[in-house]
Amino acid sequence: MTDKADNIEVKKINRSYGYRSDRFPVVSVLLLAMIAVGCIFCGIFSNHDPFYMNLDSVNVAPNSTFWFGTDTLGRDIYSMILNGGRISLFIGITASAISAVIALVYGSLSAVAPEWVDEIMMRFTEILLSVPSILLIIFVQAVAGSDNVISIAVVIGFTSWMSMAKIVRTEVRQIRSEEYVIAARAMGGSFFHNLRWHYIPNSLPSILFMIIMNVRGAIVAEATLSFVGLGLPIEIISWGSMLSLAEKAVMSNSWWIVFIPGIFLIVTIVCITEISNFLVQKTK
Amino acid sequence: MNKARKKSILRKMIIYIISIFVLSVIVFGMAKLSPGDPLVSYYGDRAERMNDEERAHAYERLGLNEPVYVQYALWIRNALQGDFGISFKYKKPVQDIVIARVGNTLLLGGIGFFLIFTLALMLAMFCVLHEGRVIDRIICRVGTITSCIPEFWLALVLIMIFAVNLKILPASGAYDIGQSDNVISRMSHMILPLIVVVTGHLWYYSYMLRNRLLEETVKDYVLLYEASGLSRRQIVFRHCVRNIMPTYISIMAISISHIVAGTYIVEMVFSYPGIGTLAFESARYHDYNMLMYICIITGAVVIFGNIAGQAVSEMIDPRMREQVKVVEQDD
Amino acid sequence: MSIHMGENILEVNNLSHSFHRSGKDNIRAVNDVSFNIKYNEIFGLAGESGSGKSTVARCIMNIIRPSTGRIMYDGINITDKKEIKSHKKKLQCERQIIFQDSTSSLNRHMKVADIIAEPLRINNIFGSGKEERHYVIEMLEEAGLNESYADRKPYELSGGERQRVAIARAFGMKPKLLIADEPFASLDAGIQMQMVELFLHLKNEHDCAILFIAHDLLMIRFLCDKVAVMNDGKIVECGNTAEIFNAPSHPYTKKLIDAIPIPEVAEK
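The shown structure was predicted, so the numbers you read here are calculated from the model rather than taken from an experiment.

Caption draft 1: Structural context of the overall build of chain B. Across its full length, chain B carries 14 helices and zero strands. Listing every helix and strand of chain B by position from the N terminus yields α-α-α-α-α-α-α-α-α-α-α-α-α-α. Projected onto the principal axes, the alpha-carbon positions of chain B cover approximately 85 × 70 × 40 Å. Every one of the 331 residues in chain B was classed for burial, and the buried ones make up 49%.

Structural data, given as structure tokens:
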């Protein structure tokens, strides 16, 4: 197929994607910004102490004092959501940043290494990818054994870089034969020089959407981990650890404990997905 | 061609064996990093009642005094003979526990996989035939949102609605007590988990297939058929779908890992007695032998699926064979 | 100042290079090429595209390893890995290259100032950012640009301006040997003449030898002291520019000279 034919096809396809519009996802960005601001400045917005277990009002349905009700330990869910969101977003961003750094370094190294090293390095990522992500995370989490915010972010970051590294490698393989890289090498530029000035700036745009999707993945992973009791303990409030109480709440039919944190989680994830979809569209 | 295919299959088998070997090294290395008494992970509580002499003997027998690579060699030798160690929690060989439950997981995952890919293709075709219309847009919107719902949360909501409030479906397990052979009991236990597995993944793959089909419908041969009087529906059903088969199979192959992950989480929430539940329990009890075994067999299945998928799509479409490497050349 | 080991800065002896192609015969890009470049000399290497000129340039820059042959740079055998290693710093600083296509030889994500400073930073020439910035602007001005260009990105510049940036980057290192691989080929004729003047000016200021590679002989006639003509990986003719232009002995050289657009030559 010639380039020209390709171009024509791309045009045709773009025209026919009714849904995949190039419009900037205004609603998603606004919603996400609102949630983020609310979480970061949770001190201002929350109306109760999220950690205070009020034994007089356990499992209270939403009312004028407790806007979103209280959980099975008597904590105010509204204040907890703002407070916990901060942890969830922090874990999402930190884990994604860690995975991006690993992916950039690993992918670039693989791309500039001799062919057989490259082959081995890529096989290694394939093998790691063959273990389902959640299984890999719980294994590493079981080995790491600690349950604080940082360690969970690190565990998730260290188990979610592989598919990004594959894309970085493909990008850098193209970049490494560009003349500016050849020139830099002739000047004596080391691998890390090229990484800093050439590989990262040029491959970052094509993994930006994945970095954002990894924020989403990390938030869900933390929530799942905490829900099954392998992540954060109940005392550290995150959207996941809040939902770990939901299993009990289901039996007592306290819908608000299940629904309200869940809705916040889902809205955040949908917003992140929309933004990421927009970026995919833009990079194409 | 036959010779080439034999060679390609042989190559794939070698890659498969090496991959599993490397996976075992990674998994073993990770388990070695874990803190705590290594004897506990092998003998369980018994390790705590051992006297010094017994401990020394056990260390000797398990080769724990040896360097790590010798330990690995011992472990892999036992593993090749089918001995993956004793489960810390169940006090039985790990493979016995897993084999007793693997059927449940295969049933749930297999039906889920089948449903996802049948429905995904149907949904993709439906969207393509109604491309750009309101119904297509609605499906796309709803689809994006459903794919954003965490599996465990959807499972909780379904339990609350169907098991707690309406009381029409069971909330946990794989069958009613003592009724493991009762098909209806098994099916009713599987409905909710299946709904969660399918909703969690359906849209992701439908969307991929939809876009791939749309690419297909703008190709020249479609115009040709249109000119000869075939309806769009006929063209899509008869020709476009056939042409995206290699992609369909590749997507299936890549999806295995994700669908397995989804199944494991769903099993956990529904306390479904499968490998997923076992994995989460093992992680909680730091049952490393069990975790190692689960990681290796899951990895083995996924890698096999990937390689098989690759082989099948190569068979259907020879263009997907390894591309000729182009050597850079300047001047 | 380095001690002059004889009068040649570069000696290329029996250089050959083949590219490997899987499943096919190897391509001989360069076949038994020998020539010398004196200190402060501008040496022209002419030939049509595909004649192996760029491969020679890349061998001299150690970008590719030649299949056989020996290249001596200032008394250092740069076809020998050990010798390259022990003189790494000197080689990195003294040899500079300018590529033909300024769109791909400048990273579009870097500012002009960073591009010019890149070799300076790699070789730790300046201690402080302020000194470096000052020097970069000086180089920009020498290359006929000004300070306002420092914080722009390559895609905001015209082709000629980009090539000036590449020239500033190369001359910023005060090279002893500059390899210019068809530096003006993608520029308009008018701008080409400005660049030739810039080149001559910079060369006189900085005292360096230049290996000037071009596919048309017009530029070479203006710039070079000596010229070698390459065809199919071999040097078919080599000598002083004036002699070769007056009395070309090889038919290929004649063909190239005939291809020079005459009106423009007459104009100047």
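Caption draft 2: Looking closely at the overall build of chain C. Counting secondary structure elements, chain C contains twelve helices and ten strands. What you see for chain C is a C-alpha radius of gyration of 19 Å, in line with the 18 Å of a compact globule of 268 residues. Counting only C-alpha atoms, chain C reaches 55 × 50 × 45 Å along its principal axes. A total of 268 residues make up chain C; the buried ones form 54% of that total. The contacts of chain C with a sequence gap of at least 6 include a subset with a gap of at least 24, amounting to 66%. For chain C, the exposed area adds up to about 12,000 Å²; of that, 47% sits on carbon and sulfur atoms. Separation of charge centres in chain C, based on 34 positive and 36 negative side chains, amounts to 7 Å.

Caption draft 3: Local environment of helix H6 (residues 129–142) of chain C. Residues and elements named next belong to chain C. Over its 14 residues, H6 runs 20 Å from end to end, which matches the ideal 20 Å to within 8%, given 1.5 Å per residue. Of the positions making up H6, those classed as buried are Glu132, Tyr135, Val136, Ile137, Met139 and Leu140. At the C-terminal side of H6, glycine 144 shows a positive phi close to 85 degrees.

Caption draft 4: Representation of the interface of chain C and chain A in the model. With 21 residues of chain C at the interface, the matching set in chain A holds 16 residues. Taking both sides of the interface into account, the surface hidden between chain C and chain A amounts to around 1,600 Å²; carbon and sulfur atoms contribute 61%. Summed over the shared surface of chain C and chain A, the result is ten residue pairs in polar contact (both at pLDDT 80 or more). Elements represented by at least two residues in the side of chain C that touches chain A include exactly helix H4 (102–105) and helix H5 (112–122) of chain C. The element best represented in the side of chain C that touches chain A is H5(C), accounting for five residues. Residues belonging to the side of chain C that touches chain A are distributed by class as follows: seven nonpolar, seven polar and seven charged.

Caption draft 5: Geometry of the interface of chain A and chain B. Contact residues are listed per partner, giving 52 residues for chain A and 60 residues for chain B. Between chain A and chain B, a total of about 5,000 Å² is buried, with carbon and sulfur atoms accounting for 74% of that surface. Our count for the chain A to chain B interface comes out at one salt bridge. Its salt-bridge partner being Glu274(A), residue Arg141(B) comes within 3.4 Å of it at the nearest N-O pair. Mapped by element, the contributors of at least two residues to the side of chain A that touches chain B are helix H1 (3–16), helix H5 (115–130), helix H6 (133–144), helix H10 (191–227), helix H12 (246–251) and helix H13 (255–283) of chain A. Taken together, the residues that form the side of chain A that touches chain B break down as 34 nonpolar, nine polar and nine charged.

Caption draft 6: Just the sheet that holds strand S8 (residues 209–214) of chain C, in detail. Residues and elements named next belong to chain C. Across the sheet, which stays open at both edges, the six strands sit in the order S6-S7-S8-S3-S9-S10 with mixed pairing between neighbours. The strands lining the two open edges of the sheet, one partner per strand, are strand S6 (95–98) and strand S10 (234–240). The sheet shows a mean angle of 15 degrees between the axes of neighbouring strands, direction not considered. Pairing of strand S7 (residues 177–181) with S8 involves five bridges; the strand directions are parallel. Residue pairing in the sheet places isoleucine 179 in a bridge with leucine 211 of S8.

Caption draft 7: Spotlight on unusual backbone geometry. At His286(B), a residue that is not glycine, the phi angle is positive and equals roughly 55 degrees. Structurally, His286(B) is set in the loop between helix H13 (275–284) and helix H14 (288–316). Note on His286(B): relative accessible area 35%, which makes it partly exposed. With a phi close to 50 degrees, Asn14(C) is a non-glycine residue in the positive phi region.

Caption draft 8: Up close: the packing of helix H6 (residues 94–129) of chain B against H13(B). Residue and element names in this part refer to chain B. Taken N-terminus to C-terminus, the directions of H6 and H13 make an angle of 130 degrees; their axes are 8 Å apart at the nearest point. Taken together, the axes of H6 and H13 lie oblique to each other. Residues Ile97, Val98, Arg101, Val102 and Thr105 of H6 form the contact with H13, whose own contacting residues are Ile275, Gly276, Thr277 and Leu278.

Caption draft 9: Molecular detail of the sheet that holds strand S5 (residues 76–77) of chain C. Residues and elements named next belong to chain C. In spatial order, the strands read S2-S1-S4-S5; together these four strands make up an open sheet with antiparallel pairing. Bordering the open sheet on either side are strand S2 (27–38) and S5, each of which pairs with just one other strand. Note: strand S4 (residues 68–73) against S5, two bridges, orientation antiparallel. Opposite methionine 72, over in S5, you have asparagine 77 as the bridge partner.

Caption draft 10: Representation of the nonpolar core in the model. Judged by nonpolar contacts, the single largest core of 155 residues is most densely connected at Ile138(A), Phe139(A), Val258(A), Phe280(B) and Ile294(B). Element by element, the count of residues in this core is highest for H10(A), at 14 residues. Residues within four places of Phe139(A) in sequence aside, it is in contact with Val27(B), Met30(B), Ala31(B), Tyr288(B), Leu291(B), Met292(B) and Cys295(B). Membership of the second largest hydrophobic core comes to 57 residues, among which are Leu120(C), Leu157(C), Val196(C) and Leu218(C).

Caption draft 11: A look at the pattern of salt bridges. The tally for this structure, following the rule as stated, stands at 20 salt bridges over all chains. One continuous salt-bridge network, built from bridges that share partners, spans Asp74(C), Lys90(C), Glu94(C) and Lys176(C).

Caption draft 12: A nonpolar patch on the surface, seen in detail. Residues and elements named next belong to chain A. Side chains of Phe24, Val26, Val27, Leu30, Leu31 and Met34 sit close together on the surface and give an oily, nonpolar patch of about 610 Å² of accessible area. By the element assignment, valine 27 lies in helix H2 (residues 26–40). You can call valine 27 exposed: its relative accessible area is 60%.

Calculation notes
- Residues numbered from 1 in each chain as written.
- Chains lettered and ligands numbered in written order.
- Predicted model: local features only at pLDDT ≥ 70, side-chain atom pairs only at ≥ 80, totals over all residues.
- Heavy atoms only, no water.
- Helix = DSSP H or I, 4+ residues; strand = E, 2+ residues; numbered from the N terminus.
- Buried < 20%, exposed > 50% of the residue type's maximum accessible area, 1.4 Å probe, protein only.
- Rg over C-alpha atoms; globule rule 2.2 N^0.38 Å.
- Contact = heavy atoms within 4.5 Å.
- Areas by Shrake-Rupley, 256 points an atom, 1.4 Å probe, with all protein chains shown as cover.
- Lys, Arg positive; Asp, Glu negative; His and termini not counted.
- Charge placed at Lys NZ, Arg CZ, Asp CG, Glu CD.
- Expected span 1.5 Å × (residues − 1).
- Buried area = accessible area lost by both parts, 1.4 Å probe.
- Polar contact = N/O pair within 3.5 Å; in protein donor to acceptor, adjacent residues only side chain to side chain.
- Nonpolar A, V, L, I, M, F, W, Y, C, P; charged D, E, K, R; others polar.
- Salt bridge = Lys/Arg side-chain N within 4 Å of Asp/Glu carboxyl O.
- Pairing = 2+ DSSP bridges.
- Axes fitted to C-alpha atoms, helices over the stretch in contact; angles between N-to-C directions.
- Parallel < 35°, antiparallel > 145°, perpendicular 65-115°, else oblique.
- Core = buried A, V, L, I, M, F, W, Y, C linked by side-chain atoms within 4.5 Å.
- Patch = residues over 30% accessible without salt bridge, like charges linked within 9 Å, V, L, I, M, F, W, Y side chains within 5 Å.

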